[in-house]
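Structure at a glance
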Amino acid sequence: MHPPQWIAAWVLLLHGCAMDRPPQAASAKTDIRNCTADPPYLPPTAINTTARLAALRGTMRAHSVHAYIVPSTDAHMSEYIAERDSRLGWLTGFTGSAGTVVVTWDKAALWTDSRYWIQAERQLDCNWELQRTTWIKSIGLWILEAVPAGGNISLDPFLFSIDTWNSYSQALHGSGRTLLPIETNLVDQVWGDQRPPPASSEIYSLPAAFTGSSWQEKVAGIRQQMEQHVRRPTAVLLSGLEETAWLFNLRGNDIPYNPVFYSYTLLTNSSISLFVDETRLSAAARQSLRAGCPGPLCVELQEYGQARAHLRRYTQGNVTVWLGTEYTTYGLYGVIPQEKLLEDSYSPVMLAKAVKNAKEQELLRAAHVRDAVAVIQYLLWLEKMVPQGQVDEFSGAQHIDMLRQAQEHNRGPSFQSISASGLNAALAHYSPSNRSSRKLSVDEMYLSDTGGQYLDGTTDITRTMHWGVPTPLQKEAYTRVLMGNIDLSRLIFPPNTAGRVVESFARRALWNVGLNYGHGTGHGIGNFLSVHEWPVGFQSNNVPLTAGMFTSIEPGYYRDGEFGIRIEDVALVVEAQTKHHTGEKPFLTFEVVSLVPYDRNLIDLSLLSLEQLSLQRSSSFKDFAKSKVSSPVPSEKEFNLEENIPEDESSGSVPDDAARSSGMKLSKKWRAVISRTMNRKMGRMAVKALAEGKQGDVEEEGSLCPLSPAGSTEEPSHEKVPLSYLEMEEDGHPSVSRQLSSGSDVSSPGSSNRDSLRLEESGPAYSGPFCGRARVHTDFTPSPYDKDSLKLRKGDIIGIIEKPPVGTWTGLLNNRVGSFKFIYVDVIPEETAPARKSRGPSKSKRLKPKTLHELLERINLQEHASTLLLNGYQTLEDFKELRETHLNELNITDPQHRAKLLTAAELLLDYDTSEPEEGDSSEAQPSPSEPKGDIPRDSGCFEGSETLDSSRDEAELGGPEGQLRDLSLAESS
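What you are looking at is a predicted structure, and each value in this text was computed from that prediction instead of being measured.

Let us look at the overall build of the protein chain. Counting its secondary structure elements, the protein chain contains 29 helices and 32 strands. The proportion of buried residues among the 973 residues of the protein chain is 58%. Across the protein chain, the fraction of contacts at a sequence separation of at least 24, relative to all contacts at a separation of at least 6, is 72%. Here the protein chain displays about 40600 Å² of accessible surface, and carbon together with sulfur accounts for 50% of that area.

If you want it as structure tokens, here you go:
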């Protein structure tokens, strides 16, 4: 997501040295390569890789290697990597954080996802093919075409996870080519003495005030899990750098922006071995680790390079090693006998780290308060400086980093700041350099995605701004992205719900008008660790959401060559306060801890529902400066956000060093900046008007949100806010009862054509059959770009023509046939219709199709049979692996067809899990059903969205047989 800063500087340096480039042809688009021109055109950001490829091919021939695979990660499966591990970047010039390279004797290709396609065209020279996918099957097919039978396909086994190795092995199985691991890395041989040296900085102990518990307590907890496991493992192997850093409360500086250090850990039931460069440990760190010697809490320090040999010796005994396959490389895995392995996707340490205890939660909240001060200062600075033409992307990124450095406990940025103006913002992970920076303008949108590392927590926040007059499309797209952010953050859902199940709520407002985004919706975040903390998030291979997890929520929209929008907040999973309680565990929801306002100039109020306008963002914000039991630095006094702050105190300089080093968290002045920005401009007049319209007088003067979930247990209303309620407030600004920036006024409500009443278009009367009626409970006005959807008003009665189990329904309203979402209506029960007899739980397999042809016939999509068969989907087993990203590659674009295919694939998987074979009494182990090797772990989390009918759970639909039956009957109903 955020390429390390050194790479950008290194690319520019190499480019400056490449002085002998031949004259180049002009290009209509000068920022990307044009390899079809004569001579080929390369932009200034590309480098010449001819010499490097020639050297690598010479080494490959010496080892009888016909194709060599190079990943973008390191020996610990890290998302961010050190300079010396950037083999793919050195070989290609491409600096994206996700990619795979294959080099043969006469070809070279890069595979990457949609976030980096334009970036790759800017950075690759014409030696490279760009493959716009990350699917390992696609890489395998390319290799089979490029390498003749009998050829050797090689890779470094210490740079590929177990799952990725297995995926390549399966892709090449039976092809006559050999997958051959070579422990000597061939790129390193070519790189030679120009390769950067290993890290040498100090490894230090994190102060106890900034840890959730001691390392001895954490070790005891993991050993307890080992004892309680049915297989009683004798050891846990830790390969992920975050795992060892978190377990021992140690931090380092081996990877830019990530306070980790190179290490492995083997934790047994009676000993602890830490494989690390012992000379780099601080005295305090060494003393902490050795304080329990001799004994079971004594940490034995061993050389980093001895981890594999030690593991081989240990597994010669009567032992069982527990490991996580997502972070363990094939090189380590291969020395452990299969019968002595206990494999899970993630180690118990990785899962324990993901759930923050009460102290860790308060530490992360405190970090976000101080971070909000810096970001709000930055927004105020931009508002002043951009109209003067004095800011470009690079200077803006430097300024926000400087403002964060002034905050207490700051230890630098958490990733390379994304500062993107205009068309650059359409690149999801663009980062500027001093030579490629665009000037910020009042006429363009600007996207700022930045974060900070603090001793008490890691932060990540994205805001999109416009200081001029945005276009109608920009304004609508921004508002719908904001609606998605709000809808997901306020969602209440059952415990143990997977993130992928609720992810579509962030996309719903965009989907309603045919818009979408190509990256994931969120990722976990650490306590002074990685900004992308696995395995929390909304992807298919993330673990279920649990109270205590922190995740980002970051929907977006990107229009290539024009602009990009992303709104990102960090939220804590908490228990929801619901009217009813079912089951042993309470339902869950999100508590947003980010405290930075949105840009009011980009919000179309007419699109927001009443509850979206009146949402109180953070229930903890009012008491953000209270002393906490777990807070390392108590504040002077309780701070009241309703305190009357003079207008002229809203501006000022960054708190000086003396104030920063004093005992207070924030000075009164800077608490006031947040207070005024977050609350005073919300508009008490509007809040009062909203309250009077729904539940009478405001109960308390100054109440932020009388209609928020915190203040009412009633079912929230979906009615739109009458715009007359929002016309004025005490200071003359239009008001929105949320975190809206007061940077500029909203245009007159009367100027919006979305609020004018329009007669529905007339057409030929529908005379076909109906399958029921529905009553509209929520107003919906389609976008001007949406010609198919019905305009809905509360109380309307729709005649239902078609209601498939996925996608939109079709109905008749006001003599017009159109589509509508079932989420806006209640189906009216037919009193005369006889009750459908329940089939009950059937054990029959009759409904499960036996062939792919039979399945496609049932869902009336036989037209795609040839496409699927020609692309490797020969059987139902192949079809189960179908994902939305695969549909993009198959060029299946019809939304209804995509939804049906994805639902059918998911239901086939449910057959295997819901009905075990007779006589199978083995305990079911939770594991992702999706292939793990194809999804990049970083992203801000790139992954195509799963198509979900998120308003229904599986139990309601009666299991996979009932769902597949409904899907097959959708056309006929």
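As summarised here, the arrangement of the 5 strands in space is 31-30-29-28-32, forming an open sheet in which the pairing is antiparallel. With one partner strand each, in any of the chains shown, strand 31 (816–820) and strand 32 (825–828) form the two edges of the open sheet. Geometrically, the sheet is characterised by an average inter-axis angle of 40 degrees between neighbouring strands, direction not taken into account. Across 3 bridges, strand 28 (residues 773–776) lies against strand 29 (residues 797–802) in antiparallel orientation. Residue R775 lies in a different strand from strand 29, and its bridge partner there is I797.

It is worth spelling out the state of the cysteines at this point. Within the structure shown, the criterion is met by 2 disulfides. Residue C35 pairs covalently with C126 via a disulfide, S to S 2.1 Å. Given an S-S torsion of about -95 degrees, the disulfide between C35 and C126 has left-handed geometry. Linking C35 in the loop between helix 1 (5–17) and helix 2 (50–62) with C126 in the loop between helix 4 (117–123) and strand 4 (129–131), this pair joins segments that are 91 residues apart in sequence. The class of C35 is partly exposed, set by a relative accessible area of 35%. Looking at the protein chain, its bonded cysteines, counted consecutively from the start of the sequence, adopt the pairing 1-2, 3-4.

Once that is clear, we can look at the sheet that holds strand 6 (residues 178–181). Pairing between sheet strands relies on hydrogen bonds along the backbone, with the strands arranged either parallel or antiparallel. If you walk across this open sheet you meet the 6 strands as 4-3-2-1-5-6, and the pairing is mixed. Each edge of the open sheet carries a strand with a single partner, namely strand 4 and strand 6. Neighbour to neighbour, the strand axes of the sheet diverge by 25 degrees on average, direction disregarded. As judged from the 5 bridges shared by strand 1 (residues 67–71) and strand 2 (residues 100–104), these two strands associate in the antiparallel manner.

To continue, consider the pattern of salt bridges. Counted by the stated rule, this structure contains 30 salt bridges. Residues D188 and R87 are paired through a salt bridge, measuring 2.8 Å at the closest nitrogen-oxygen approach. Here D188 is found in helix 7 (residues 186–191), whereas its partner R87 is found in helix 3 (residues 87–92), with 101 residues between them in sequence. Looking at D188, the relative accessible area reads 17%, which means it is buried. For R566, the salt bridge goes to D449, with nearest N and O atoms at 2.8 Å. Of this pair, R566 sits in strand 25 (residues 563–566) while D449 is found in strand 17 (residues 446–450), placing the two residues 117 residues apart along the sequence. Classification of D449 by relative accessible area gives buried; the value is 0%. One continuous salt-bridge network, built from bridges that share partners, spans D85, R87, D188 and R195.

The end-to-end C-alpha separation of helix 8 (residues 215–228) is 20 Å, in line with the 20 Å expected for 14 residues at 1.5 Å each. Among all positions in helix 8, only W215, K218, V219, I222, R223 and M226 are buried. Within helix 8, the buried residues cover an arc of 135 degrees as seen down the axis, which keeps them to one side. When the buried face of helix 8 is taken as reference, the exposed residues oriented beyond 90 degrees from it are E227 and Q228.

Our next topic: the confidence of the model for the protein chain. On average, residues of the protein chain carry a pLDDT of 78, and 72% of them reach 70 or more. Counted against residues more than four places away or in other chains, residues 832–846, with its pLDDT under 50, gives 7 contacts. Within the model, the stretch residues 915–961 combines pLDDT values under 50 with 122 contacts to residues more than four positions away or in other chains.

Our next topic: the nonpolar core. L488, F493, V502 and F590 are the most contacted members of the largest nonpolar core, which has 49 residues in total. Counting only elements with at least two residues in this core, the list comes to helix 13 (348–354), helix 16 (472–489), helix 18 (508–511), strand 22 (533–537), strand 24 (556–559), strand 25, strand 26 (569–575) and strand 27 (588–592). For this core, the element with the highest residue contribution is helix 16, accounting for 8 residues. If we skip the residues at most four places from it in the chain, V502 touches L488, L491, F493, T497, F538 and L545. Formed by 41 residues, the second largest nonpolar core is a distinct cluster that contains L241, I255, V260 and L289.

Residue D38 is joined to P39 through a cis peptide bond whose omega torsion reads 0 degrees. The topology assignment puts P39 in the loop between helix 1 and helix 2. One non-glycine residue with positive phi stands out, namely Y257, at about 70 degrees. With respect to the helices and strands, the residue Y257 is situated in the loop between strand 9 (250–251) and strand 10 (264–268). Given the relative accessible area of 13%, Y257 is considered buried. Despite not being glycine, N814 has its phi angle at roughly 55 degrees, a positive value. Relative to the helices and strands, N814 is located in the loop between strand 30 (809–813) and strand 31.

Thresholds, definitions, all that
Residues numbered from 1 in each chain as written. Predicted model: local features only at pLDDT ≥ 70, side-chain atom pairs only at ≥ 80, totals over all residues. Heavy atoms only, no water. Helix = DSSP H or I, 4+ residues; strand = E, 2+ residues; numbered from the N terminus. Buried < 20%, exposed > 50% of the residue type's maximum accessible area, 1.4 Å probe, protein only. Contact = heavy atoms within 4.5 Å. Areas by Shrake-Rupley, 256 points an atom, 1.4 Å probe, with all protein chains shown as cover. Pairing = 2+ DSSP bridges. Axes fitted to C-alpha atoms, helices over the stretch in contact; angles between N-to-C directions. Disulfide = S-S within 2.5 Å. Salt bridge = Lys/Arg side-chain N within 4 Å of Asp/Glu carboxyl O. Expected span 1.5 Å × (residues − 1). Arc of directions from axis to C-beta. pLDDT = per-residue confidence, 0-100. Core = buried A, V, L, I, M, F, W, Y, C linked by side-chain atoms within 4.5 Å.

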